[in-house]
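Residue-level listing of the chains:
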Amino acid sequence: MNVLVIGNGAREHALCRSLSLDPAVTALHCAPGNAGIAEVAELHQVDALDGGAVAALALELGAELVVVGPEAPLVAGVADAVREAGIPVFGPSGEAAQLEGSKAFAKEVMAGAGVPTARSYVCTTAEEVAEALDAFGAPYVVKDDGLAAGKGVVVTEDLEAAKAHAAACDRVVIEEFLDGPEVSLFAITDGETVLPLQPAQDFKRALDGDEGPNTGGMGAYSPLPWADPKLVEEVLETVLQPTVDEMRRRGTPFSGLLYAGLAITSRGVRVIEFNARFGDPETQVVLARLRTPLAGVLLAAANGTLADLERLRWSEDAAVTVVIASHNYPGTPRTGDAITGLDAVAAEDAPHAYVLHAGTKKDGETVVSAGGRVLSVTATGTDLTEARERAYQAVTRIGLDGSQHRTDIAAKAAAGA
């Protein structure tokens, strides 16, 4: 199979790594990719938001499957253009991707599907915002209605901060605060059959102890030793399958990756949000544990044949990923700094630990930082304790001036396991 992956982050590097290990994949391309992806796939330049350009590249390469990684191209309808060119594509249509592109649309779908979620108001004026914040009280949850690269949500006890975030957005969703731990659960679907993956937990705050501003994610782990063993089955029945059925009923069938961000509250499971693609950094740990070759699963979703697949096979091992971010992230990051130690990790820590690139590029022979989140250092082990030790051992080998990372990824779960 000849596969083209669209995107340039650590999620796409994780996808490309798994596809490169799949014996069925005979040629692997990525556009635009990054310095790490270049080691496992042939890179091509393309405007990832230009559906016509992506479809033309796929045709030129003879791609038999296109995998669209990030949310912005999906919402822009890139998957539609590839489908129209007659090429199987893993990723929802632009219309279906509104599940992520609009928080308000997602709330409508959840209401129609009977999916449990937080009560909410959609607000477009300062008066509506003030009323909604007053109705729910602190802590205040304010979400930009549109795409915001994982940074459009503010959860705060500060009323003025909540109002300021709302004022910076065109349209916001204000909702009740959901207590309890958060879980990310991905499901691969062809629009009818839903195949849940293993759950993961990510860490959104920039600093240890869940302090500091929200980010795109500073680390993740899987499995979740503290979670109910029936969690996946329950979420499939109450959230994932009803949502896919409702999308089909509406005439906008959803095929690709449906990501449910969940809160395990004192009143049961509640959906925080949906995403229309693999999450970053959870993909890094979920794919580290997947034993079923990836390409055939993604192709079956693209072709509508998921029901014919055997059950997915999973490693019993645990996986942990630690994000190394640039100086000043999640503010405007400093870029262009040299990265050292990548060869040392490959020599000393493989195969149990490896580095997935996010914001990197080549400057001559040197790999330099090119974004806010720069690397995802990922490791597996017999349990979370061993996986953590291996991940953080590998982190110590990486040099990036001014960089930052959390030191407590999976620490509580490992201690309680």
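Residues numbered from 1 in each chain as written. Predicted model: local features only at pLDDT ≥ 70, side-chain atom pairs only at ≥ 80, totals over all residues. Heavy atoms only, no water.

Novice: Even after reading the chapter, I still don't get the nonpolar core, so can you show me in this structure?
Specialist: Nonpolar side chains in soluble globular proteins tend to end up buried together. Leu4, Val66, Leu99 and Val320 are the most contacted members of the largest nonpolar core, which totals 77 residues. With sequence-adjacent residues up to four places away left out, Leu99 is seen in contact with Phe105, Ala106, Val109, Thr243, Met247, Phe254, Leu258 and Phe274. With 43 residues, the next largest nonpolar core counts Leu287, Ala288, Leu290 and Val297 among its residues. (Core = buried A, V, L, I, M, F, W, Y, C linked by side-chain atoms within 4.5 Å. Buried < 20%, exposed > 50% of the residue type's maximum accessible area, 1.4 Å probe, protein only. Contact = heavy atoms within 4.5 Å.)

Novice: I tried to follow the environment of Leu49 on my own but got confused; where do I start?
Specialist: As for its placement among the helices and strands, Leu49 is situated in the loop between β3 (42-43) and α2 (51-61). As a C-alpha pair, Leu49 and Val78 span 29 residues in sequence and 6.6 Å in three-dimensional space. Residues contacting Leu49, with those up to four places away along its chain left out, are Ala72, Pro73, Ala76 and Val78. (Helix = DSSP H or I, 4+ residues; strand = E, 2+ residues; numbered from the N terminus.)

Novice: Would you explain the pattern of salt bridges in this entry?
Specialist: Where side chains of opposite charge bring their charged atoms close, a pairing between them can arise. By the definition in use, this model includes 18 salt bridges. Of the charged contacts, one joins Arg334 and Asp337 as a salt bridge, the two residues approaching to 2.9 Å between their closest N and O atoms. The class of Arg334 is partly exposed, set by a relative accessible area of 31%. Note on Asp337: relative accessible area 17%, which makes it buried. One network of salt bridges, with partners in common, ties together Arg11, Glu12, Glu71, Glu100 and Arg277. (Salt bridge = Lys/Arg side-chain N within 4 Å of Asp/Glu carboxyl O.)

Novice: I tried to follow the sheet that holds strand β8 (residues 153-156) on my own but got confused; where do I start?
Specialist: Taken together, the 4 strands give an open sheet; going across it, the order is β6-β9-β7-β8, and neighbouring strands pair in antiparallel fashion. In this open sheet, the two edge strands, each paired with only one partner strand, are β6 (120-123) and β8. Each strand of the sheet is rotated relative to its neighbour by a mean of 20°, with strand direction disregarded. Note that strand β7 (residues 140-144) and β8 share 4 bridges and pair antiparallel. Residue pairing in the sheet places Lys143 in a bridge with Val153 of β8. Across the sheet, helix α7 (residues 126-136) lies against β6, β7 and β9 (172-175), angled at about 165° from β6, the strand it touches most. Across the sheet, helix α8 (residues 159-167) touches β7, β8 and β9, and the angle it forms with β7 is around 10°. (Pairing = 2+ DSSP bridges. Axes fitted to C-alpha atoms, helices over the stretch in contact; angles between N-to-C directions.)

Novice: Help me understand a negative patch on the surface, please; the structure alone is not making it clear to me.
Specialist: A surface patch of negative charge is lined by Glu127, Glu128, Glu131 and Asp134. Residue position: Glu131 is located in helix α7. On the basis of relative accessible area, Glu131 is assigned to the exposed category, the value being 59%. (Patch = residues over 30% accessible without salt bridge, like charges linked within 9 Å, V, L, I, M, F, W, Y side chains within 5 Å. Areas by Shrake-Rupley, 256 points an atom, 1.4 Å probe, with all protein chains shown as cover. Lys, Arg positive; Asp, Glu negative; His and termini not counted. Charge placed at Lys NZ, Arg CZ, Asp CG, Glu CD.)

Novice: Would you explain the domain arrangement of the chain in this entry?
Specialist: It is common to give the size of an interface as the accessible area lost on bringing the parts into contact. Here the chain is described as being made up of domain 1 (2-92), domain 2 (121-175), domain 3 (180-308) and domain 4 (318-415). Here the C-alpha centre of domain 3 lies 25 Å away from the C-alpha centre of domain 2. (Domains from an automatic or database assignment.)

Novice: I'm lost on the packing of aromatic side chains in this one. Help?
Specialist: Remark: the centre distance and the inter-plane angle together describe each pair of aromatic rings, the angle taken between the planes. A full pass over the atoms with the stated rule returns 5 aromatic pairs. An aromatic cluster is built from Phe90, Phe186, Tyr259 and Phe278, whose rings are joined through pairwise contacts. The cationic tip of Arg17 hangs over the ring face of Tyr354; the distance from NZ or CZ to the ring centre is 3.6 Å. One residue, Arg277, lies across the ring of Tyr259, its end atom 5.9 Å from the ring centre. (Phe/Tyr/Trp six-rings, centres within 6.5 Å; stacked < 30°, edge-to-face > 60°. Lys NZ or Arg CZ within 6 Å of the ring centre and 35° of its normal.)

Novice: It is not clear to me how unusual backbone geometry should be interpreted in this structure. Could you clarify?
Specialist: Backbone phi values are negative for most residues with the exception of glycine, while trans is the configuration of most peptide bonds. With an omega of -5°, the peptide bond between Ala31 and Pro32 qualifies as cis. Tracing the backbone through its elements, the reader meets Pro32 in strand β2 (residues 27-32). A cis amide bond, omega 10°, links Tyr329 with the succeeding residue Pro330. Its place among the elements puts Pro330 in the loop between β18 (318-325) and β19 (339-340). Although it is not a glycine, Asn328 adopts a positive phi angle of roughly 85°. Tracing the chain through its elements places Asn328 in the loop between β18 and β19. For Ala410, which is not glycine, the phi dihedral falls at a positive 65°. By the secondary structure assignment, Ala410 is in the loop between β24 (399-400) and α14 (411-416).

Novice: Before we go on, may I ask you to explain the side chain of Thr360 in this structure?
Specialist: Of note, Thr360 is situated in strand β21 (residues 360-363). Among the residues examined, Thr360 registers a relative accessible area of 7% and is labelled buried. A polar atom in the side chain of Thr360 sits 3.0 Å from the side chain of His357. Filtering out sequence-adjacent residues up to four positions away, Thr360 remains in contact with Asn34, Ala35, Gly36, Ile339, Val367, Val368, Ala370, Val374 and Leu375. (Polar contact = N/O pair within 3.5 Å; in protein donor to acceptor, adjacent residues only side chain to side chain.)

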